[in-house]
Amino acid sequence: MTSYALQTRNLVKKFGGFIATNDVTLNVEAGARHALIGPNGAGKTTLINLLTGFLEPTSGEVILNGDTVTHLAQHQRVKRGLARTFQINRLFADLTVLESVTMAVNERIGIGARFWRPVGAYAEAVDEAASLLSTLRLLDLAHEKTRNLAYGKQRLIEIALALAMKPGVLLLDEPAAGVPTSESRELFETIAALPRDVTILLIEHDMDLVFRFADCISVLVSGALLTGGTPDEIANNPKVKEVYLGEAISV
Ligand SMILES: Nc1ncnc2c1ncn2[C@@H]1O[C@H](COP(=O)(O)OP(=O)(O)OP(=O)(O)O)[C@@H](O)[C@H]1O
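Residues numbered from 1 in each chain as written. Predicted model: local features only at pLDDT ≥ 70, side-chain atom pairs only at ≥ 80, totals over all residues.

(A) Summary view of the domain arrangement of the protein chain. Taken as a whole, the protein chain is organised into domain 1 (1–81 + 167–251) and domain 2 (90–165). A separation of 26 Å is found between the C-alpha centroids of domain 1 and domain 2. Contact residues are listed per partner, giving 13 residues for domain 1 and 12 residues for domain 2. If you tally residues by element for the side of domain 1 that touches domain 2, the top one is helix α6 (residues 181–192), at six residues. For the side of domain 1 that touches domain 2, the per-class residue count stands at eight nonpolar, three polar and two charged. (Domains from an automatic or database assignment. Contact = placed C-beta atoms within 7 Å. Helix = DSSP H or I, 4+ residues; strand = E, 2+ residues; numbered from the N terminus. Nonpolar A, V, L, I, M, F, W, Y, C, P; charged D, E, K, R; others polar.)

(B) Unusual backbone geometry, seen in detail. Even without being a glycine, R137 presents a positive backbone phi close to 55°. Along the chain, R137 falls in the loop between α4 (119–135) and α5 (151–163). Positive phi, close to 50°, is recorded for S222, a residue that is not glycine. Looking at the element boundaries, S222 is found in the loop between β9 (216–221) and β10 (224–229). Looking at S222, the number of C-beta atoms within 10 Å reads 14, which means it is partly exposed. (Buried ≥ 20, exposed ≤ 12 C-beta atoms within 10 Å, placed from the backbone.)

(C) Fine view of the sheet that holds strand β8 (residues 199–203). Reading across from one edge, β6-β7-β8-β3-β9-β10 is the order of the six strands in this open sheet, with mixed pairing throughout. Two strands close off the open sheet at either side, each with one partner strand: β6 (82–84) and β10. Neighbouring strand axes in the sheet, compared pairwise and without regard to direction, differ in orientation by 20° on average. Of the pairings in the sheet, the one linking β6 to strand β7 (residues 169–173) comprises three bridges and is parallel in character. In the strand pairing of β7, L82 is matched with V169. (Pairing = 2+ DSSP bridges. Axes fitted to C-alpha atoms, helices over the stretch in contact; angles between N-to-C directions.)

(D) Region of interest: the pairing of β10. Inspection of the sheet shows β9 paired to β10 by five bridges, in the antiparallel sense. Paired with L220 across the bridge in β10 is L225. The hairpin formed by β9 and β10 contains two residues between the paired strands, and S222 there has a positive phi angle of roughly 50°.

(E) Inspection of the sheet that holds strand β4 (residues 59–64) at higher detail. Read across the open sheet, the four strands follow the order β2-β1-β4-β5; overall the sheet is antiparallel. Each having just a single partner strand, β2 (18–29) and β5 (67–68) make up the two edges of the open sheet. When β4 meets β5, the two strands line up antiparallel, connected through two bridges. Counterpart to L64 in the pairing with β5 is D67. Each of β1 (4–15), β2 and β4 touches helix α1 (residues 44–52); the most contacted strand, β2, lies at about 65° to it.

(F) Summary view of the pairing of β2. Here eight bridges tie β1 to β2, and the two strands are oriented antiparallel to one another. Counterpart to Q7 in the pairing with β2 is N27.

(G) Representation of the nonpolar core. In terms of nonpolar packing, the biggest core is built from 62 residues, with V101, L133, A160, A164 and L202 touching the most fellow members. The element best represented in this core is α5, accounting for seven residues. Lining this core are residues from two domains, each supplying at least three of them: domain 1 (1–81 + 167–251) and domain 2 (90–165). Discounting chain neighbours no more than four positions away, the residues touching A164 are V101, A104, V105, R108, A129 and L132. (Core = buried A, V, L, I, M, F, W, Y, C linked by C-beta atoms within 7 Å.)

(H) Structural view of helix α3 (residues 97–109). In this model, α3 (13 residues) spans 19 Å end to end at C-alpha, consistent with the 18 Å of a helix rising 1.5 Å per residue. Every buried residue of α3 is accounted for by V97, L98, S100, V101, T102, A104, V105 and N106. (Expected span 1.5 Å × (residues − 1).)

(I) Main features of the site of the ligand. Around the ligand, the neighbouring residues are F15, F18, A20, G38, N40, G41, A42, G43, K44, T45 and T46. When residues of the shell around the ligand are traced back to their parent elements, those giving at least two are β2 and α1. With three residues, α1 is the single largest residue contributor to the shell around the ligand. Looking at the shell around the ligand, its residues break down into four nonpolar, six polar and one charged. (Near = placed C-beta within 6 Å.)

What follows is the structure, given as structure tokens:
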């Protein structure tokens with residue numbers, strides 16, 4: 001039986017009279033690399049904000065690992081394994097890469113804010129952070145200040161910070177936004193190599209990267225789901241081609 005990590009049922013979000021999310025029923029399979037695409041203003045960010053709890057839906061449900069979380073606060077969803085990255089850079093420029101990720105691990109295990117903390121626990125957090133950096137191929141940059149890194153690497157550190165929450169589901173909001181093409185392919189190769197026990201839902205404008213990375217694609221148009229399928233099915237769908245008229249969609 002297929003198991004779903006993240007689902008929505010008939011999700012609706014209205015801003016005044018404007019329907020930004022229109023009856024969206026989305027199923028993200030456990031372990032999937034699922035991309036959400038659609039033209040500007042299609043409602044991708046609004047949908048992500050509904051999933052994380054940043055926005056309350058007008059109606060409908062959000063379901064995480066089979067449990068309804070529609071009315072849970074953002075931090076409660078994080079605790080249940082839903083983490084996200086943002087389009088904007090939220091790193092502390094003066095911390096090193098290792099310090100930044102260790103801080104995030106500490107936050108998860110609840111010793112971040114304590115004045116006194118057991119040395120052993122701190123060492124374990126550093127080990128865990130180093131292991132995350134290794135997964136993301138950042139270990140050789142561990143002692144660099146984040147401000148000195150190339151932008152593509154900074155985006156990877158943001159992913160490391162999200163992964164420090166030990167999420168089952170990771171929402172990536174345009175991880176390649178602003179990253180030069182020379183770096184974006186490596187960024188996506190690293191994301192693609194993440195362990196499959198993390199389900200990934202990705203918003204991305206660069207079709208080339210989407211078709212390289214995703215095993216499932218959902219297409220959002222004017223707030224509603226137009227269609228969903230494998231990259232092949234989406235690339236050959238005439239309705240999708242119409243929406244992206246003039247843009248090259250090829251596998
Ligand atoms: N807080 C808000 N109040 C009113 N309208 C909003 C609000 N947030 C989003 N919208 C509108 O909802 C629609 C969807 O916006 P959204 O940012 O979700 O689209 P998107 O697909 O993420 O676009 P892009 O690809 O350009 O980032 C847009 O028309 C936007 O103007």
